[in-house]
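Remarks on the overall topology
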Number of protein chains: 2
Amino acid sequence: MKKTFETMFSLSANNMRASEIRELLKLLTKPEMISFAGGLPNPEAFPIEAMKPVVAHVMNEHARDALQYGVTEGHNKLRDAIAKGMGQVYGVPQSLSNILITTGSQQAMNLLSLILLSPGDLVLTENPTYLGALQSFYACQARVEAVPMDEHGMRMDALEEKLNSLRQRQERPKFIYMVPTFQNPTGVTLSRERRERLYALLQERDLLLIEDDPYGLLRFEGETVPLIKSLDQEDRVIYLGSFSKILAPGFRTGWLAAPEEIVNRAGLAKQAQDLCSNTFGQYCVFEALYHNILFPHVKEIVALYKRKRDIMLDAMQKYFPKGVTWNKPAGGMFIWVTLPPALNALDLLGKAIENNVAYVTGEPFFPNGGGQNHCRMNYSYSSDEAIVEGIKRLGRVMEEQLREKTNPQKLAPEGMEIF
Amino acid sequence: MKKTFETMFSLSANNMRASEIRELLKLLTKPEMISFAGGLPNPEAFPIEAMKPVVAHVMNEHARDALQYGVTEGHNKLRDAIAKGMGQVYGVPQSLSNILITTGSQQAMNLLSLILLSPGDLVLTENPTYLGALQSFYACQARVEAVPMDEHGMRMDALEEKLNSLRQRQERPKFIYMVPTFQNPTGVTLSRERRERLYALLQERDLLLIEDDPYGLLRFEGETVPLIKSLDQEDRVIYLGSFSKILAPGFRTGWLAAPEEIVNRAGLAKQAQDLCSNTFGQYCVFEALYHNILFPHVKEIVALYKRKRDIMLDAMQKYFPKGVTWNKPAGGMFIWVTLPPALNALDLLGKAIENNVAYVTGEPFFPNGGGQNHCRMNYSYSSDEAIVEGIKRLGRVMEEQLREKTNPQKLAPEGMEIF
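Parameters at a glance
- Residues numbered from 1 in each chain as written.
- Chains lettered and ligands numbered in written order.
- Predicted model: local features only at pLDDT ≥ 70, side-chain atom pairs only at ≥ 80, totals over all residues.
- Helix = DSSP H or I, 4+ residues; strand = E, 2+ residues; numbered from the N terminus.
- Core = buried A, V, L, I, M, F, W, Y, C linked by C-beta atoms within 7 Å.
- Buried ≥ 20, exposed ≤ 12 C-beta atoms within 10 Å, placed from the backbone.
- Contact = placed C-beta atoms within 7 Å.
- Nonpolar A, V, L, I, M, F, W, Y, C, P; charged D, E, K, R; others polar.
- Expected span 1.5 Å × (residues − 1).
- Pairing = 2+ DSSP bridges.

Some thoughts on unusual backbone geometry
A cis geometry characterises the amide bond from A:Asn127 onward to A:Pro128, with omega recorded as 5 degrees. Following the sequence through the fold, A:Pro128 ends up in the loop between strand S3 (122-127) and helix H6 (131-139). Of note in the backbone geometry, A:Arg252 takes a positive phi value of approximately 45 degrees without being a glycine. Tracing the sequence through the fold places A:Arg252 in the loop between strand S8 (237-242) and strand S9 (254-257). A positive phi angle is found at B:Phe182, which is not glycine, with a value near 50 degrees. Residue position: B:Phe182 is located in the loop between strand S6 (175-178) and helix H8 (192-205).

This is the structure we're talking about:
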């Protein structure tokens, strides 16, 4: 008789939650599907031609090391280049010993969760927040409380209020997690003023912040805002970076920049997790930096994604029915759509998929519930034509749903609520 | 004031243990050091010339996919090739849905620990056992009890006795973990008879086994023994495989073969851990299989490592003092050395390092203590000349230590024990 494993799984396994996004990624394989659901970069944004000689160079000159195990903390030349690059690009120079290379910044988030979160610990996040981070927190059996945001990012009055009410309960968050620039899922950026206020709050309340920044360099317009990390004189900010959105995700190379104590402990956790990240990819990424392929290329990605954002915004303007609203993010990969109260994003998604167009519903990004009338729309992945066609299909589905919901004759027998 | 983090770490962080091997790997960077300490393949064993056109092909023909995110469970073509390959090579054909690609088999071990082990759960291992597995078990706050082994692997009488005594305590191990072929650290292989007895015990006692097999194809001589997985009709055996020792570790590509329930749950844990393993490496590994580079190449590795093993055995015979003994593994990467009672492997290591030769002491491989008079010697990594020179140096250090320990005049003032 075959075994079943349901009763054998660990406490932590039973606390893991499937990602809706992952299930939706499977839809991408259907060729007729237009998907705004993933968070994938566009393959057109990969510097394939520029990387061909780089990859060949790694095989020709460095294969003995690039195909070998590496030290857990990462390829030292890459760590050093990142440490210096953070000075040149963001004005926050690091030492090599402050950098840990990770298997994408997802692993950085996961390692930080492992070393900082005991079961029952509290994390504060933006509301909504990045789903992959929530999965890491939940896997450690942590609790999450989300702080409201508006078009300028997390509301600092709401954060202060939250911290006060926690103090009354004699509770402290283990850390605050935030994607402050071109956030996933909303595309929103925390304003410069709020960054300063946030850092002052971290000092006043003796708190730690994780600044997750995979999209920061993908700015289409407007003034650059400084990293929160650039305000930090007291080791209160752990920075997460990634080459996935600015070079290519396939090398799975991200990093965290943190005090040495954190790097060492996260390195220890990483050692048990995968010994080291793939050496070959780290060599390719280092050579892309060394041969100055990365930064000129980022300009091309920015131009590409700005065009795609504008195409999606124009199509929404043209095809979405009255009552549906959306924001205009200044960078990144996502537009955040708000449906009128008559529409529910999950119901709508069912109909959308029938019409071969997909997005991600807002709900899973809200750790404390809510968000039923939001959709995250990715514009980076699809072709220009597919963006227009997909938004057109979606507009049609929205209109049909709106008509049905406001037709009491049709709805009454099904017992649905009528607005 | 800078923060300190000591008090902020999680319960699980405080349960992580540093690997002695990792600290020792740092010694490899000293150019004059001859190190038998690591578990590294020899770069000469990497099929660099054969892989150059393969890597170029991936960039030329598959870059848009190979540089993109992949599904968490792995590149489907590679999963399928592994599933079929397990039939062709081991007679245990799998379905694609039974294969999860991991960031080396270390991640496979880590994911299985995460999904199966709650704090306090019990794991049975060989005594000694692989250190990286222990790190995964400890990170999940599991307990480990080790079962004695001899030159034919884990003693089945001792396992049965252990299971009986556990039954009396009303305890059950969550699983048995084993490296049955060319084990790390001892190089020992579980005999065919014991494999059959082990599987019968798994059935009798309703137990699960993790068969970790990174070295199985590196057989120099003697008859191939079947995988324990090949005896399994009841989903009792989870198999871990890796391309690190037979192709190259730098691609960080391993896998687990398990019932779908396990693959799905481990995939969910993997999603929170790193979203997916590096896609580029998976494409390279698939192409190496597809273009039939792997298996002809394994023959070359076997010839290379057999030569190196023989060189090390000859040098030991020539240079090690009387009373030091060692085994002759039929494959893999390690020789297991037993020191006479007068010597302690850790004391000896200090002197060895002063003489620019290093190995790993046995002690950390023994989860319940002991092993002070064992050394694990890796012969795969060093050049032929370095093996001879290193063993010569080590022999000299052993002789000096033996002389000191048997010279009471010298030792008495330091208060050391005299045999």
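Observations regarding the nonpolar core
With 246 residues, the main nonpolar core has A:Leu112, A:Leu209, A:Leu256, B:Leu112, B:Leu209 and B:Leu256 as its most contacted residues. Other than its neighbours up to four places away in sequence, B:Leu209 contacts B:Phe175, B:Ile176, B:Met178, B:Leu202, B:Ile228, B:Arg236 and B:Val237.

Thoughts on the interface of chain B and chain A
Listed per partner, the contact involves 71 residues of chain B and 71 residues of chain A. Here the side of chain B that touches chain A is built from residues that sort into 37 nonpolar, 22 polar and 12 charged.

Some words on helix H4 (residues 76-90) of chain B
Residue and element names in this part refer to chain B. In a regular helix each residue adds 1.5 Å, so 15 residues correspond to 21 Å; H4 covers 21 Å between its end C-alpha atoms and thus fits that length. What H4 keeps buried is the set Leu78, Arg79, Ala81, Ile82, Met86 and Tyr90. On its buried side, H4 packs onto strand S2 (99-102), strand S9 (254-257) and helix H10 (279-290). Count one or two residues on from H4 and you reach Gly91, which has phi positive near 70 degrees.

Some details on the sheet that holds strand S14 (residues 374-378) of chain A
Hydrogen bonds between backbone atoms are what pair the strands of a sheet, whose relative direction is either parallel or antiparallel. Residues and elements named next belong to chain A. The strand order across the open sheet formed by 4 strands is S10-S11-S14-S13, and the pairing between neighbours is antiparallel. Bordering the open sheet on either side are strand S10 (325-326) and strand S13 (360-361), each of which pairs with just one other strand. Pairing of strand S11 (residues 334-338) with S14 involves 5 bridges; the strand directions are antiparallel. Bridged to Ile335 within S14 is Met377.

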